[in-house]
Amino acid sequence: MSKKKIVILGAGESGTGAAILAKDRGFDVFLSDCGNISPRYRDVLEAEHIEFEEGRHSMERILAADEIVKSPGIPLDAPAVTAAKAKNIPIISEIELAGRYTDAKMVCITGSNGKTTTTMLTHHILTHAGIDAGLAGNVGNSLAYQVAREPHDVYVVELSSFQLDNMYDFKANIAVLLNITPDHLDRYDHEMQNYVNAKFRILRNLTPADAFIYWKDDPVVSAQLRRIETEASTYAFAEQQEENTAAYIDAENNLIFNTPGSSLTMPRADLALSGLHNLYNSMAAGLSACLLNIRKDDIREALSDFRGVEHRLETAGEIDGVLWINDSKATNVNSCWYALEAMTRPTVLILGGKDKGNDYSEILPLVREKVKAIVAMGIDNSKILEFFGPEVETIRDTHSLYEALKACRSLASAGDTVLLSPCCASFDLFKSYEDRGRQFKKAVKKLSSEKQ
């Protein structure tokens, strides 16, 4: 009897992990990447004796598959994907594959903003409490690799809409939906409802024994919940106590968690993460921990000593009394809104990059209130210049990190903050938002050393 043929499209963390799991489960595995495979992953594939190709897609091999595992970065309309659909070859995600081979509990987190912080904070609470928990999805090692080689009792999984697109039988035990704001609409035919539908796939297959945690005051989430039903128990969080809220802030500025059989109180001032967005992230993580029956003291301690996420409101340095903040992870307008909401000093704001159909009106009130100058950093800044030109006293047009920082130095005074919170993807000048953030931090560090 011949082995079932699985083709993996894409050789990043997700694809390589899927290839290893499929190999370990006895499948005939072939991996295809139309780009160049990173040496890191090529070395792994060679060591595992997994057949692969790079720089092309051999359609004959791909279309001979019994099943295809598609990496999340590959668009749904890519030629190889379209051809496979035409032949009715099942296309799944790495998460879907991994879920078939583990009975571990799954805490799955999605949303337009805050996913990484909430995922890492939840994982921090669990490991602080001594739980054997893996970190997967968009952070950590791929879920498939961990299921194959590093199994855990619980997985905390960050899920993008791209990963949710090709999940069918996979199921969360705790599903968390933080918020939904316009993002990646170019991937969803510029239809917001298509993006909303993708996010809500996190509710697939939930049973009455499972839990759904969500932000009660998100208008998009609330509207969608009026249209659909879930069998899972629901736990809402909000800034203030409302009907059926499981987490909120009381009149004494205490953070309250109420779940079946458990009630937890801690001063909001004790939270390690500041800002309204991080309050919501802490609520979601804390509710997940309560539902997993983590000890109250462990939850309080972990919420108070978490160190935060790189590239999200990360202090890059202070020079001549000016605080420099790296928020490169803010690749959409709503994420920038939360960053500006957290600012307490006059701000020089760095915007720009690859625009994803942004509507900047959402941040306009905060820009008027808190921003003294805008520095546009990108290949084409025309949209930013046109929108904000009449709204701020000073706006600069720059086309490199060096130019942007030079402009910021001339505009910021002691007591100000320079905030890199671009609202845009990074791919015009940088490899990724991580590359953008690290280059920014490196440049700030260099500026600081030059002053000494």
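Because the structure is predicted, anything quoted here is derived from the model rather than measured.

What about the environment of proline 267?
Relative to the helices and strands, proline 267 is located in strand β14 (residues 262-267). Assessed through its relative accessible area of 35%, proline 267 is described here as partly exposed. In this structure the C-alpha to C-alpha distance between proline 267 and glutamate 252, which are 15 residues apart in sequence, comes to 8.3 Å. If we skip the residues at most four places from it in the chain, proline 267 touches Asn253 and Asn254.

Regarding the nonpolar core
By size, the foremost hydrophobic cluster in this structure holds 48 residues, and its most contacted members are Ile8, Cys108, Leu143, Val157 and Phe212. By residue number, the principal contributor to this core is helix α1 (residues 13-24), which donates five residues. Setting aside residues no more than four positions away along its own chain, phenylalanine 212 makes contact with Ala175, Leu177, Leu203, Leu206, Leu225, Ala232, Ser233, Thr234 and Tyr235. Among the nonpolar cores identified, the runner-up in size contains 42 residues, and Met283, Ala289, Ala302 and Leu303 belong to it.

Points about the sheet that holds strand β3 (residues 51-54)
What the five strands build is an open sheet, ordered β3-β2-β1-β4-β5; its pairing is parallel. The sheet is open, and its two borders are formed by β3 and β5 (91-92), each paired with just one other strand. Where strand β1 (residues 5-9) meets strand β4 (residues 67-70), four bridges bridge the pair, whose relative direction is parallel. Residue pairing across strands places leucine 9 opposite lysine 70, the latter belonging to β4.

Thoughts on the packing of helix α6 (residues 115-128) against helix α12 (residues 296-305)
Viewed as axis vectors pointing N to C, α6 and α12 meet at an angle of 135°, and their least axial separation amounts to 9 Å. Regarding the angle of α6 to α12, the classification is oblique. Taken as a pair, α6 and α12 cross one another with a handedness that is right-handed. Taking contact as the criterion, the partners of Leu121, His124, Ile125 and His128 in α6 are, on α12, Asp298, Ile299, Glu301, Ala302, Leu303 and Asp305.

Regarding helix α9 (residues 192-199)
Every buried residue belonging to α9 is among Tyr195, Val196, Ala198 and Lys199, and all of these are buried. For α9, the arc enclosing every buried residue in end-on projection is 160°, short of the 170-degree limit, so these residues lie on one face. The inward-facing, buried residues of α9 contact β6 (105-110), α6, α8 (161-164), β9 (174-177) and α10 (219-225).

Calculation notes
- Residues numbered from 1 in each chain as written.
- Predicted model: local features only at pLDDT ≥ 70, side-chain atom pairs only at ≥ 80, totals over all residues.
- Heavy atoms only, no water.
- Helix = DSSP H or I, 4+ residues; strand = E, 2+ residues; numbered from the N terminus.
- Buried < 20%, exposed > 50% of the residue type's maximum accessible area, 1.4 Å probe, protein only.
- Contact = heavy atoms within 4.5 Å.
- Core = buried A, V, L, I, M, F, W, Y, C linked by side-chain atoms within 4.5 Å.
- Pairing = 2+ DSSP bridges.
- Axes fitted to C-alpha atoms, helices over the stretch in contact; angles between N-to-C directions.
- Parallel < 35°, antiparallel > 145°, perpendicular 65-115°, else oblique.
- Left-handed = near helix turned anticlockwise from the far one by under 90°.
- Arc of directions from axis to C-beta.

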